[in-house]
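Next come the chains, spelled out residue by residue.
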Amino acid sequence: MKNIILTADRPTGRLHLGHFVGSLRERVRLQNQTEFDEFYVMIADAQALTDNAGNPQKVRDNVLEVMLDYLSVGLDPQKVTFCIQSEISALPELTQFYSNLVTLPRLLRNPTVKNEIAQKGFDKSGVPVGFAIYPISQAADITAFKANIIPVGEDQEPMLEQTREIVRAFNRTYNSNVLVECKAILPQNKESLRLPGTDGNAKMSKSLGNCIYLSDEPEVLKKKVNSIVTMPRKLEDPGVIENNILFVYLRAVCEDKHFEKYYPEFKNLSELEADYQKGGLGDGKIKQFLYKVLMDILSPIRERRKELQNQIAGILQILRNGTSKASQVANQTLHEVKSAMGIDYYSGNKYEEEQKKRFANKN
Ligand code: ATP
Ligand code: MG
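We now turn to the structure provided with this report. Computed from a predicted model, the values in this text were never measured in an experiment.

Inspection of the region around ligand 1 gives 21 residues, with Thr12, Asp155, Lys203, Ser205 and Ser207 positioned closest. In this structure, an oxygen atom belonging to ligand 1 sits 2.7 Å away from a side-chain N or O atom of Thr12. One of the side-chain nitrogen or oxygen atoms of Asp155 is found 2.5 Å away from an oxygen atom of ligand 1. Calculation on ligand 1 without its partners gives an accessible area of 600 Å², and the protein chains cover 97% of this total. Listed by contribution, the elements that provide at least two residues to the shell around ligand 1 are strand 1 (4–9) and helix 1 (17–33).

Before going further, it helps to spend a moment on the packing of helix 3 (residues 56–73) against helix 16 (residues 312–341). Remark: helix 3 packs on helix 16, axes separated minimally by 11 Å, with the N-to-C direction vectors making an angle of 90°. The pairing of helix 3 with helix 16 is recorded here as roughly perpendicular in orientation. Residues Val63, Leu64, Met67, Leu68 and Leu71 of helix 3 touch helix 16, and the partners they reach there are Ile312, Ile315, Leu316, Ile318 and Leu319. Split by residue class, the contact of helix 3 with helix 16 holds 10 nonpolar, no polar and no charged.

To continue, consider the state of the cysteines. Tallying each qualifying case throughout the model produces 0 disulfides. Cysteine Cys182 remains unbridged, with the sulfur of Cys83 as its closest cysteine sulfur at 16 Å. Judged by relative accessible area, which is 4%, Cys182 ranks as buried.

So, about the nonpolar core. Considering soluble globular proteins, one finds that nonpolar side chains tend to be buried as a cluster. Within the largest apolar cluster, 63 residues are counted, with the highest numbers of intra-cluster contacts made by Tyr70, Leu250 and Leu272. The element contributing the most residues to this core is helix 15 (residues 283–308), with 11 residues. Discounting chain neighbours no more than four positions away, the residues touching Leu250 are Leu269, Leu272, Ile286, Phe289, Leu290 and Val293. Leu94, Ala330, Leu334 and Met341 belong to the second-largest nonpolar core, a separate cluster that totals 35 residues.

Using a probe with the size of a water molecule, rolled over the atoms, empty space left in the structure can be pinpointed. For the largest pocket, the calculated volume is near 850 Å³. His19, Glu116, Asp155, Gln156 and Lys203 are, among the 41 residues lining the largest pocket, the residues nearest its centre. At the level of elements, strand 1, helix 1, helix 6 (111–119), helix 9 (134–144) and strand 4 (149–151) are the ones that each hand at least two residues to the lining of the largest pocket. In terms of residue count, the dominant contributor to the lining of the largest pocket is helix 1 (5 residues).

Procedures and definitions
- Residues numbered from 1 in each chain as written.
- Chains lettered and ligands numbered in written order.
- Predicted model: local features only at pLDDT ≥ 70, side-chain atom pairs only at ≥ 80, totals over all residues.
- Heavy atoms only, no water.
- Near = heavy atom within 4 Å.
- Polar contact = N/O pair within 3.5 Å; in protein donor to acceptor, adjacent residues only side chain to side chain.
- Areas by Shrake-Rupley, 256 points an atom, 1.4 Å probe, with all protein chains shown as cover.
- Helix = DSSP H or I, 4+ residues; strand = E, 2+ residues; numbered from the N terminus.
- Axes fitted to C-alpha atoms, helices over the stretch in contact; angles between N-to-C directions.
- Parallel < 35°, antiparallel > 145°, perpendicular 65-115°, else oblique.
- Contact = heavy atoms within 4.5 Å.
- Nonpolar A, V, L, I, M, F, W, Y, C, P; charged D, E, K, R; others polar.
- Disulfide = S-S within 2.5 Å.
- Buried < 20%, exposed > 50% of the residue type's maximum accessible area, 1.4 Å probe, protein only.
- Core = buried A, V, L, I, M, F, W, Y, C linked by side-chain atoms within 4.5 Å.
- 1 Å grid on protein atoms, 1.4 Å probe; cavity = no way out; pocket = protein on both sides within 12 Å on 5 of 7 lines; lining within 4 Å.
- Points joined across faces, edges and corners; volume = space filled by probe spheres on them.

These values are about where atoms sit, not about what they do.
Okay, here's the thing in structure tokens:
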């Protein structure tokens, strides 16, 4: 079997630390350290419009912002095919055919979709149909490329389960083996599965305005780190590390080398945690350290992004070429899907022959 990697991001804002630890870091690792046949990264603008229908300019601007983030974290256009979802017309066609294999209650049972419906207030105003079916369109994105490896954060697990169900239902119903089952590659540490926001909310998310963006300038980063709310306590009281966002972030990003560079009193995070739990170590110190660690990781990304901002024409060309390649691959899968469903009327003269025979038998 081929190894085909695919992931996508919604162009609803610049990419943030949650994307980095939940998916981008894993994508760069897969790109540099594994064997694969194809690697697609899709900018899911059509999906972004499902809850931003009235704000197309936001989506339009963020297509390039997200592309800049991809290249600045080190995704390599020599190895990765970048593409734009709305330019690949086979995707909505596949979505339409898959929709027949999914019930409405099954769609709305998806816990991620349920959460998002409440978060966006759709439980009060009504859920746009396009939004409710976005997991089906995600199944189209994945299966169009026969992708089997999907590096994502934990919130995407229900989407991948839904995709696998569609694949099985399709192959069973149409007695085919056209579609391929996918599996998630989740981040390697627990905190990165779903990184919380700076406001303590359960998920850092562009739509919740609680993000540390990869492109934040040092002063913005400092402000955000300093604004993280921790439990008030007397300095000498023992510090609590459970659900302490500062330590959640440190566990997600810091390495022993950061202690050597910025906090040599401690060898590693376990030592720092032990000392903090004894009492006497204030949150100000932890914030200073976290800021330095984040600067260490994000500064090179921010610098590369600044250089890339002067190469917009070349970047858009990369996206155009990738989209054209992706479109051809998706068209081929659509062709196979239609054949399996028996709606390939004009491929060769099979349909004509078959129908002639049917009428001949009647006479
Ligand atoms: P939106 O609020 O518009 O949905 P988002 O911040 O949730 O944006 P997406 O584009 O939906 O970002 O997600 C892209 C990828 O990043 C997915 O694989 C998702 O699992 C991962 N991801 C997003 N936020 C986090 C997070 N806080 N922790 C870990 N992974 C995340
Ligand atoms: Mg999301």
